[in-house]
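Structure assessment
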Amino acid sequence: MITPTRGAASEAPAQVEASAQVTIGIDVGGSKVYAGLVDAAGVVLAETWAITPDPGEGPGVVEEVLTAAVRELRSDHPGLAVRAVGVGAAGLVDSCRGV
């Protein structure tokens, strides 16, 4: 479900200290969910994305995509300490309807 993007950015963590603290930023958009592993200087070290699920699939589906993105970035870079995860989404959230 999560499709990593490959290239120079995804190889950068090899140059980062193993004890480096990083954050994960997630953007939930209308067509895709984009997640990036970011260092203290704001450099994107790795990224991944998935198609945004249809809200009709239920409230837990988006949560599963977000969780999978975080797990993927952490497992691909186990030596880096994730300090925080931030999520941004446009629009209103209605947890009763799952949107």
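Residues numbered from 1 in each chain as written. Predicted model: local features only at pLDDT ≥ 70, side-chain atom pairs only at ≥ 80, totals over all residues. Heavy atoms only, no water.

Turning our attention to the overall build of the chain. Counting its secondary structure elements, the chain contains 2 helices and 5 strands. Of the regular secondary structure in the chain, the N- to C-terminal order runs β-α-β-β-β-α-β. The 99 residues of the chain split such that 31% are buried. Across the chain, contacts joining residues at least 24 apart in sequence account for 60% of those joining residues at least 6 apart. Split by element, the accessible area of the chain, about 6,100 Å² in all, is 55% carbon and sulfur. (Helix = DSSP H or I, 4+ residues; strand = E, 2+ residues; numbered from the N terminus. Buried < 20%, exposed > 50% of the residue type's maximum accessible area, 1.4 Å probe, protein only. Contact = heavy atoms within 4.5 Å. Areas by Shrake-Rupley, 256 points an atom, 1.4 Å probe, with all protein chains shown as cover.)

We now examine the nonpolar core. I24, I26, V33, L37, L73 and L80 are the most contacted members of the largest nonpolar core, which totals 17 residues. Among the secondary structure elements, those contributing two or more residues to this core are β2 (21–28), β3 (32–38), β4 (44–51) and α2 (59–76). The biggest single contributor to this core is α2, with 5 residues. In this view, L37 contacts V22, T23, I24, V43, V44, L45, A46, L73, H77, L80 and V82; residues no more than four positions away in its chain are not counted. (Core = buried A, V, L, I, M, F, W, Y, C linked by side-chain atoms within 4.5 Å.)

This brings us to α2. For α2, with 18 residues, the first-to-last C-alpha span of 27 Å sits near the 26 Å given by 1.5 Å per residue. Among all positions of α2, only V61, V65, L66, A69, V70, E72 and L73 are buried. (Expected span 1.5 Å × (residues − 1).)

Moving on to the side chain of E72. Inspection of the secondary structure assignment puts E72 in helix α2. For E72, a relative accessible area of 16% gives the class buried. Within the structure, E72 has its side chain in polar contact with the side chain of T48 (distance 2.9 Å). (Polar contact = N/O pair within 3.5 Å; in protein donor to acceptor, adjacent residues only side chain to side chain.)

Turning next to the confidence of the model for the chain. Looking at the chain as a whole, its pLDDT mean stands at 81, while 78% of the residues score no less than 70. Looking over the chain, one finds the lowest element-wise mean pLDDT in strand β1 (residues 3–4), namely 40, and the highest in β3, namely 96. (pLDDT = per-residue confidence, 0-100.)

As paired elements, β3 and β4 share 7 bridges and run antiparallel to each other. When the sheet's bridge partners are listed, A35 is paired in β4 with T48. Connecting the antiparallel pair β3 and β4 is a turn made up of 5 residues, with G42 showing a positive phi of about 90°. (Pairing = 2+ DSSP bridges.)

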